[in-house]
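Given next are the chains, with one letter for each unit.
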Amino acid sequence: MQEIYEWFRWLNEATGINLTIVYDSYDRERMIDGFVNTIYLSLVCLGFSVIIGIVGAWLQGSPLKWTRRLVNGYIQLFRNTPPLVQMYFFFFALGSLMPRVENEWGIMEPILSNWHWAILSLSFFAGSFNVEIFRSGIEAVPKATVEAAEALGYNRLQTYVYVVLPLALRVCLPALNNNLVNLVKTTTLAYAIAVPEMLYVANQIWSDSLNVPEMMTFLLFAYVLLVGLLVMVMNKWERSMRLPGFGA
Amino acid sequence: MKTRILAAATALAASFAVGAPATADTLQNVMQSGTLTVGVKADYKPYGYLDSDGNIVGIEPDLAQDVADTLGVELELVAVVASNRMQFLDQGKIDVMIATMTDTAERREVVNILNPDYYSSGTNIMARKSTDFETWDDLEGAPVCGVQGAFYNRKTSQEFGAEIVGFTGTSEALNALRQGRCAAFVYDDSFLNSRLQEDQWSDYNMPLETIDDAPWGVAVKHGEDAMARFMSGMVVHWHTTGQIVELEKKYGIDPVPFTRKMHERYRGYIPEAKK
């Protein structure tokens, strides 16, 4: 490893390409943390947003008028506002209204941290799109199929879980893919409320070492890699779920 | 008294003289016209700011007044900002600049920044009085708010073990500090000083020793050697008498280590004026 570090140090001296994230142990460690944090934030938000989408789409089909209105209100609120504004609103406005607990420095700290608010706002933001994506899948399930399930004695929840959702999922997977890819990219916004993900770390590194082009390039490739991995997994899943004779 | 100070200032200035003959002479013009024009900040409390009547007041305007009094002329203050202050000096809009300017090698090429420096700002933290930080090492493991891109963030976390929570601007960081999301806020001590004067921050203080000091210099135009010598003498005079320390107290901030140190160093140096 030491030879590799030395080589990158030499690269900086010889060409001016300054990749401190390789040879400087402090920068390396914080960039690794940033990378892990981005993956963690993406996976958690991915999971929550899909759950929100599935539950939201089910509630949207509820026979109760007010449940439907509530879900639609949520979608309008989160789909129509920029995620950065949501993040600031959650962290600085709602965050200060939270109950407080005393931390080890004797300070009354609000209970939800910047991590919590980032996860909440990103999940609800992507979730609002997911609800609509799942609805598009649900509406593509033939009415006759639903009626057949009802005829077999399935109640509404059972019909949704065993019949409608499995078919709907296959229809809406391409759209869901798109939205989840967007979600991974949107996690960069968490830098605004000091969640130490990759953009946040890169920003601090290029302020310290003035190696902006190198860090920008690194960020670009890191996201190409991360999103590429996600797309690969999703495509694999899409293929494994294909039903002969259903959909395209 | 006035003439004694003037004599003392010029006598001290002589020790900084470079020997070049004074030519196009701002100092002479000032004496003839009876008005000294000084560029100061008007947006940097308490160094230079507008009072409720719209007058420029603060530590630097007071220093400028002292210069005018010493010369026995009227003072005219011109508000400058970082992006125009050196140009104003160069164009002759102001005779002297005392405007929170950090003394750097690059700037010394543009204007004549005088020795010695008159002030200095560095890095410190702002924290609740109840938190009881005494040394930088006490920050170990503590969440400390900062502003993204500030050079001392790395030092604060790498050397002192603090967990930097970096926001995009000072207002977000201060908001987070007030919400109790961090134990302290690390930033320029001069900025923190000015915030601490406000009532809303009365429960907070700046408990640590300032580090990474960068000095501020008084500047005149290149080639104005008589003015430069005279102003150098004024700065030495301020350090000798402890006038800047007094002004800091007058405007309600703790004297920064630099002014205290300079006063210690120059104290007892007041030469007798020649009769």
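Just so it is clear, the model here is predicted, and its values are computed rather than measured.

J.: When you look at helix α3 (residues 59–71) of chain B in this model, what are you seeing that I'm missing?
T.: Owing to its 3.6 residues per turn, the α-helix brings residues three or four apart onto one side. Residue and element names in this part refer to chain B. Over its 13 residues, α3 runs 19 Å from end to end, which matches the ideal 18 Å to within 8%, given 1.5 Å per residue. In terms of residue burial, α3 counts as a mostly covered element, since 10 of its 13 residues are buried. Three or more residues of α3 are buried, namely Ile59, Glu60, Pro61, Leu63, Ala64, Asp66, Val67, Ala68, Thr70 and Leu71. The first or second residue beyond α3 is Gly72, which carries a positive phi of 75°.

J.: Could you clarify how one ought to interpret the interface of chain A and chain B in this entry?
T.: Often the size quoted for an interface is simply the accessible area lost on bringing the parts together. Of the residues lining the interface, 29 residues belong to chain A; the matching set on chain B comes to 27 residues. Carbon and sulfur atoms make up 52% of the surface buried where chain A meets chain B, a total of about 2,100 Å² over both sides. At the junction of chain A and chain B, the tally comes to 2 salt bridges. Applying the counting rule to chain A against chain B returns 12 residue pairs in polar contact (both at pLDDT 80 or more). When contributions to the side of chain A that touches chain B are tallied by element, the ones reaching two or more residues are α3 (25–60), α5 (83–94), β2 (108–110), α6 (114–139) and α9 (198–209) of chain A. Looking at which element gives the most residues to the side of chain A that touches chain B, the answer is α9(A), with 5 residues. Within the side of chain A that touches chain B, the residues separate by chemical class into 15 nonpolar, 8 polar and 6 charged.

J.: Is there a simple way to think about the domain arrangement of chain B in this case?
T.: Residues and elements named next belong to chain B. In terms of domains, chain B is made up of domain 1 (2–118 + 217–266) and domain 2 (121–213). Both faces combined, the contact of domain 1 with domain 2 buries some 750 Å², and carbon together with sulfur accounts for 47% of it. When the buried surface of domain 1 facing domain 2 is broken down by residue, Tyr44, Lys45 and Pro257 rank first, second and third, together holding 48% of it. At the boundary of domain 1 with domain 2, the tally comes to 0 salt bridges. The interface formed by domain 1 and domain 2 holds 0 residue pairs in polar contact (both at pLDDT 80 or more) in total. Of the residues in the side of domain 1 that touches domain 2, the class split is 8 nonpolar, 1 polar and 2 charged.

J.: Mind showing me how you'd approach the UniProt feature "domain: Solute-binding protein family 3/N-terminal" (unreviewed entry) in chain B here?
T.: Per the UniProt record, "domain: Solute-binding protein family 3/N-terminal" (unreviewed entry) is found at residues 35–255 of chain B. Helix and strand shares over residues 35–255 of chain B are 34% and 27% respectively, and the end C-alpha atoms of the span are 31 Å apart.

J.: Looking at this model, I keep getting lost on the packing of aromatic side chains. Mind explaining?
T.: Any two aromatic rings considered together are summarised by their centre-to-centre distance and by the angle between their planes. Taken as a whole and judged by the stated rule, the model has 27 aromatic pairs over all chains. On the basis of an interplanar angle of 25° and a centroid distance of 6.1 Å, the ring pair of A:Phe78 and A:Phe90 is categorised as stacked. In this pair, A:Phe78 is assigned in helix α4 (residues 65–79) and A:Phe90 in helix α5, connecting sequence segments 12 residues apart. Considered together, A:Phe78 and A:Phe90 belong to a single accessibility category, that of buried residues. Ring geometry for A:Phe91 against B:Phe167: centres 5.9 Å apart, planes inclined by 25°, an arrangement best described as stacked. Placement of the pair is A:Phe91 in helix α5 and B:Phe167 in strand β10 (residues 163–167), with the two residues belonging to separate chains. This pair shows no difference in class: A:Phe91 is buried, exactly as B:Phe167 is. The aromatic ring of A:Trp66 is capped on one face by A:Arg69, whose charged end is 4.8 Å from the ring centroid. If you follow B:Arg178 out to its NZ or CZ, it ends over the ring of B:Trp201, 4.2 Å from the centre.

J.: What should I look at first to understand the environment of B:Phe151 in this one?
T.: With respect to the element layout, B:Phe151 can be found in the loop between β9 (143–147) and α6 (152–158). Here the alpha-carbon distance between B:Phe151 and B:Gly54, two residues 97 residues apart in the chain, equals 35 Å. Every residue in contact with B:Phe151, bar those within four places of it in the chain, is listed here: A:Asp208 and B:Asp212.

J.: Sorry, what's going on with helix α8 (residues 156–186) of chain A here?
T.: All names here are of chain A. With 31 residues, α8 extends only 35 Å from end C-alpha to end C-alpha; this falls clearly short of the ideal 45 Å at 1.5 Å per step. Bending of α8 peaks at approximately 60° at the position of Cys172, with proline Pro174 no more than four residues after it. For α8, the capping residue at the N-terminal end is Asn155, with a side-chain oxygen 3.2 Å from the backbone nitrogen of Leu157.

J.: Quick question: what am I supposed to make of the confidence of the model for chain B here?
T.: The predicted structure's coordinates, where accompanied by low pLDDT, should not be read in detail. Residues and elements named next belong to chain B. With 89% of its residues at a pLDDT of 70 or more, chain B has an overall mean of 85. Note that pLDDT drops below 50 for residues 17–23; the model gives that stretch 7 contacts with residues more than four away or on any other chain. Reported confidences for the modelled complex are a pTM of 0.70 and an ipTM of 0.79.

J.: What should I look at first to understand the pairing of strand β1 (residues 35–41) of chain B in this one?
T.: One face of the sheet, then the other: side chains in a regular strand alternate in exactly this way. All names here are of chain B. Where burial is concerned, most of β1 is hidden: 6 out of the 7 residues are buried. Two elements, β1 and strand β5 (residues 74–80), share 7 bridges in a ladder whose sense is parallel. Paired with Val40 across the bridge in β5 is Ala79. The pairing of β1 with strand β6 (residues 96–97) spans 2 bridges and is classified as parallel. Bridge pairing in β6 places Gly39 opposite Met97.

J.: Even after reading the chapter, I still don't get the sheet that holds strand β2 (residues 43–44) of chain B, so can you show me in this structure?
T.: Within a beta sheet, neighbouring strands are joined by backbone hydrogen bonds and run either parallel or antiparallel to one another. All names here are of chain B. With antiparallel pairing, 3 strands are arranged side by side in an open sheet as β2-β3-β4. On the outer flanks of this sheet lie β2 and β4 (56–57), each paired with one strand and no other. Bridging between strand β3 (residues 48–50) and β4 involves 2 bridges; their strand directions are antiparallel. Paired with Tyr49 across the two strands is Val57, which belongs to β4.

The rules behind these values
- Residues numbered from 1 in each chain as written.
- Chains lettered and ligands numbered in written order.
- Predicted model: local features only at pLDDT ≥ 70, side-chain atom pairs only at ≥ 80, totals over all residues.
- Heavy atoms only, no water.
- Helix = DSSP H or I, 4+ residues; strand = E, 2+ residues; numbered from the N terminus.
- Expected span 1.5 Å × (residues − 1).
- Buried < 20%, exposed > 50% of the residue type's maximum accessible area, 1.4 Å probe, protein only.
- Contact = heavy atoms within 4.5 Å.
- Buried area = accessible area lost by both parts, 1.4 Å probe.
- Salt bridge = Lys/Arg side-chain N within 4 Å of Asp/Glu carboxyl O.
- Polar contact = N/O pair within 3.5 Å; in protein donor to acceptor, adjacent residues only side chain to side chain.
- Nonpolar A, V, L, I, M, F, W, Y, C, P; charged D, E, K, R; others polar.
- Domains from an automatic or database assignment.
- UniProt positions renumbered as here; feature names shortened; annotations may be inferred.
- Phe/Tyr/Trp six-rings, centres within 6.5 Å; stacked < 30°, edge-to-face > 60°.
- Lys NZ or Arg CZ within 6 Å of the ring centre and 35° of its normal.
- Bend = angle between axes of the 7 residues up to and from the residue.
- pLDDT = per-residue confidence, 0-100.
- Pairing = 2+ DSSP bridges.

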